[in-house]
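# Architecture at a glance
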Amino acid sequence: MNDNVHLGHRARKRFGQNFLNDDMIIDKIVTAIDPKPGDNLVEIGPGLGAITEPVAELSGHLTVVELDKDLAERLIHHPFLGPKLTVNQGDAMKFDFSSLIKDDKKLKIFGNLPYNVSTPLLFHLFEFVDNVEHMHFMLQKEVVNRMVASPGSKAFGRLSVMTQYYCHAMPVIEVPPTCFKPAPKVDSAVVRLIPKDPSARTAKSTKMLNTVCLEAFNQRRKTLRNSLSNLLTEAELAELGVDATLRAENISLTQFIAIANYLHDRQP
Ligand code: SAM
């Protein structure tokens, strides 16, 4: 049997389609999301409905955003699931998630994300954290490792700093390739993201924080004295309490924020 065809649908590689096909893992994911009637639930990339169905069963309703027109149509016309869904056919990276806020109910967002666009999609979602109660995403395990990495580890990079700036992040489930159809070449994991209180997010400009991360990690083996030389001097770093002889992977989120805020204030 063709491994790329699942429930009568040929998986489209360009849409990152690897469908979950393991009831035990689906159960664990649904338990982590903990859907309840009245929740404002949003799924990104529902696909053939592997997680959608049990979540809709428990909550009664959810909103989905699916890029693949055929899959969106299939969900709309699904005899049992269709009436429980609000289907948005389109690109989640362009979707305005704040438009889904009703009666002040924050969003519980989840999805087995298309791995080919997971980082830009996460960055897009971070823009809406004030509208979010929690998020659960299946991602490449290596991406989850980077999201939760601490300073001093090789996995610590821009994705760690930006994720941990916006959210508390913790890995919750590990998922081997055999749980999907077609099986991806990599291991996967589910990460739970709980937005931090706005008072903990002290960057004056997240754009500047991102710029500092890009520069600092662009050549991660260089010391900050060299990697950040386009932005500020060694003396300025010292004034901020940052040792310029360290590499980017060895300074904390707080120090990244301090550098970004200094540069923001120094702007003409
Ligand atoms: N949730 C299903 C499951 O677990 O079996 C499918 C997961 S599959 C890894 C990713 C899903 O995201 C596919 O249905 C794909 O069509 C959809 N998708 C890909 N890119 C997308 C995008 N930019 N916006 C919304 N959905 C997207």
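Analysis parameters
- Residues numbered from 1 in each chain as written.
- Predicted model: local features only at pLDDT ≥ 70, side-chain atom pairs only at ≥ 80, totals over all residues.
- Heavy atoms only, no water.
- UniProt positions renumbered as here; feature names shortened; annotations may be inferred.
- Near = heavy atom within 4 Å.
- Polar contact = N/O pair within 3.5 Å; in protein donor to acceptor, adjacent residues only side chain to side chain.
- Areas by Shrake-Rupley, 256 points an atom, 1.4 Å probe, with all protein chains shown as cover.
- Helix = DSSP H or I, 4+ residues; strand = E, 2+ residues; numbered from the N terminus.
- Nonpolar A, V, L, I, M, F, W, Y, C, P; charged D, E, K, R; others polar.
- Buried < 20%, exposed > 50% of the residue type's maximum accessible area, 1.4 Å probe, protein only.
- Arc of directions from axis to C-beta.
- Contact = heavy atoms within 4.5 Å.

Naming follows an unreviewed UniProt entry, where the chain appears as Ribosomal RNA small subunit methyltransferase A of Pseudoalteromonas xiamenensis. Quoted verbatim from the Sequence similarities (unreviewed entry) heading of the UniProt record, the comment on the chain is "Belongs to the class I-like SAM-binding methyltransferase superfamily. rRNA adenine N(6)-methyltransferase family. RsmA subfamily." The Subcellular location (unreviewed entry) field of the UniProt record for the chain holds the comment "Cytoplasm".

Taken together, 22 residues are adjacent to the ligand, and Leu-20, Gly-45, Glu-66, Asp-91 and Asn-112 come closest. Here Ala-92 contributes a backbone N or O atom positioned 2.9 Å from a nitrogen atom of the ligand. Side-chain polar atom of Asn-112 to an oxygen atom of the ligand: 2.8 Å apart, as the coordinates give it. Contact with the protein chains removes 98% of the 600 Å² of surface that the ligand exposes when unbound. Only β3 (19-20) and β5 (62-66) provide two or more residues apiece to the shell around the ligand. In terms of residue class, the shell around the ligand is made up of eleven nonpolar, seven polar and four charged.

With that settled, the discussion passes to helix α5 (residues 141-148). Val-143, Val-144 and Met-147 are the residues of α5 that are buried. For α5, the angular spread of buried residues about the axis comes to 100°, placing them on one side. Elements in contact with the buried residues of α5: α4 (118-126), β8 (132-140), α6 (158-166), β9 (167-175) and β11 (188-195).

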